[in-house]
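Chain by chain, the residues:
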Amino acid sequence: MAMSVGGDGAEDKPLSDINTTPLVDVMLVLLIIFLIAVPVVLQSVKLKLPDVRYDPTTTKPENVLLSVTGDAERCNVYWGMSPVTSQELLDRAVEKLKVEIDRQGGEAAAQNNPDFELPEAHIRGDVNTPYRCIGGTIYTMQRAGFAKVGFISEPEPGANPRT
């Protein structure tokens, strides 16, 4: 560090300029600290994500097949091939569960038998359908009492099941 107090015949008064050398030193040290600390802060939890594969769907006659399409304004849900509103979907789903429970022996059999199988809801959603349409369908089916709600998708061409 150097300090100039004048010279060359000028008056002997100190210069009033700010010495920036200590400021630059501090900034360089902070830069090095941040370069070392940032990768430590950006660590994430190590996960092994599942491999993409599909299981062939085994559809039982008691399962409910729903198709969902829609756009930004409207959602369309189909029970089989017939369009239904949200309330009709709820009513039909509740009725379907009641019929299936009665067919297998009633509520007492459902509570006492661990092998008791309720029907599943299988949803086929168009790729351009907004999530709110599919999410609303899932919510309605869960509200009706369906414990298993799954998605039917089309595998990539040439994909082998369980590979």
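From a predicted model like this one, the values you see are computed outputs, not experimental measurements.

Calculation rules
- Residues numbered from 1 in each chain as written.
- Predicted model: local features only at pLDDT ≥ 70, side-chain atom pairs only at ≥ 80, totals over all residues.
- Heavy atoms only, no water.
- Helix = DSSP H or I, 4+ residues; strand = E, 2+ residues; numbered from the N terminus.
- Buried < 20%, exposed > 50% of the residue type's maximum accessible area, 1.4 Å probe, protein only.
- Contact = heavy atoms within 4.5 Å.
- Areas by Shrake-Rupley, 256 points an atom, 1.4 Å probe, with all protein chains shown as cover.
- Disulfide = S-S within 2.5 Å.
- Core = buried A, V, L, I, M, F, W, Y, C linked by side-chain atoms within 4.5 Å.
- Expected span 1.5 Å × (residues − 1).
- Salt bridge = Lys/Arg side-chain N within 4 Å of Asp/Glu carboxyl O.
- Pairing = 2+ DSSP bridges.
- Axes fitted to C-alpha atoms, helices over the stretch in contact; angles between N-to-C directions.

Participant: Quick question: what am I supposed to make of the overall build of the protein here?
Facilitator: Secondary structure summary: the protein contains four helices and five strands in total. For the protein, the succession of helices and strands along the chain, N to C, is α-β-β-β-α-α-β-α-β. Counting every position in the protein, which comprises 163 residues, the buried fraction comes to 20%. Sequence separation of at least 24 residues holds for 64% of the intrachain contacts in the protein that already meet a minimum separation of 6. Working note: accessible area of the protein is about 13,100 Å², and carbon and sulfur atoms make up 57% of it.

Participant: What am I meant to see in the state of the cysteines here?
Facilitator: In a disulfide, the sulfur atoms of two cysteines are covalently bonded to one another. One pass over the full model with this rule turns up one disulfide. Each sulfur of the disulfide joining Cys-75 and Cys-133 lies 1.9 Å from the other. Taking the sign of the S-S torsion, -75 degrees for the link of Cys-75 and Cys-133, the bridge is left-handed. Residue Cys-75 is found in strand β2 (residues 75-79), and its partner Cys-133 is found in helix α4 (residues 131-144); the two are separated by 58 residues along the sequence. Owing to a relative accessible area of 3%, Cys-133 belongs among the buried residues under this scheme.

Participant: Any chance you could explain the nonpolar core here in plain terms?
Facilitator: The nonpolar side chains of a soluble globular protein tend to be buried, and buried together. If you look at the biggest cluster of nonpolar residues, it comprises 18 residues, and the most contacted ones within it are Leu-66, Trp-79, Leu-89, Met-141 and Phe-146. Of all the elements in the fold, those that place two or more residues in this core are β1 (64-70), β2, α2 (86-103), β4 (121-125) and α4. In terms of residues, this core owes the most to one element, α4, which gives five residues. Sequence-distant contacts of Met-141, defined by excluding residues within four places in its chain, comprise Val-64, Leu-66, Leu-89, Ala-93, Ala-121, Phe-146 and Val-149.

Participant: Help me understand α4, please; the structure alone is not making it clear to me.
Facilitator: Counting along an α-helix, one turn takes 3.6 residues, and residues three or four places apart therefore face a common direction. Over its 14 residues, α4 runs 20 Å from end to end, which matches the ideal 20 Å to within 8%, given 1.5 Å per residue. Among all positions of α4, only Cys-133, Ile-134, Gly-135, Thr-137, Ile-138, Thr-140, Met-141 and Ala-144 are buried. Elements in contact with the buried residues of α4: β1, β2, α2, β4 and β5 (149-151). Looking one or two residues beyond α4, the residue adopting positive phi is Gly-145, at roughly 120 degrees.

Participant: I'm lost on the pattern of salt bridges in this one. Help?
Facilitator: Oppositely charged side chains may form a pair once their charged atoms are brought near each other. For the coordinates displayed, the defined rule picks out one salt bridge. A salt bridge links Arg-103 to Glu-100, with the nearest nitrogen and oxygen atoms 2.3 Å apart. One end of the pair is Arg-103 and the other is Glu-100, both in helix α2 and three residues apart, which spans about a single turn. For Arg-103, a relative accessible area of 56% puts it in the exposed group. Glu-100 gets classed as buried once you look at its relative accessible area, which sits at 5%.

Participant: Can you walk me through the sheet that holds strand β3 (residues 82-84) in this structure?
Facilitator: Strands in a sheet are paired, the pairing made by backbone hydrogen bonds, and the direction either parallel or antiparallel. Strand order in this open sheet of five strands is β3-β2-β1-β4-β5, and the pairing throughout is mixed. Single-partner strands in this sheet number two, and they are β3 and β5. For this sheet the average axis-to-axis angle between neighbouring strands, irrespective of direction, equals 35 degrees. Sheet topology note: the β2/β3 ladder contains three bridges and is antiparallel. Among the inter-strand pairings, Trp-79 is bridged to a residue of β3, identified as Ser-82. Of the strands in this sheet, β1, β2 and β3 are in contact with α2, which crosses β3 at around 110 degrees. Across the sheet, α4 lies against β1, β2, β4 and β5, angled at about 150 degrees from β1, the strand it touches most.

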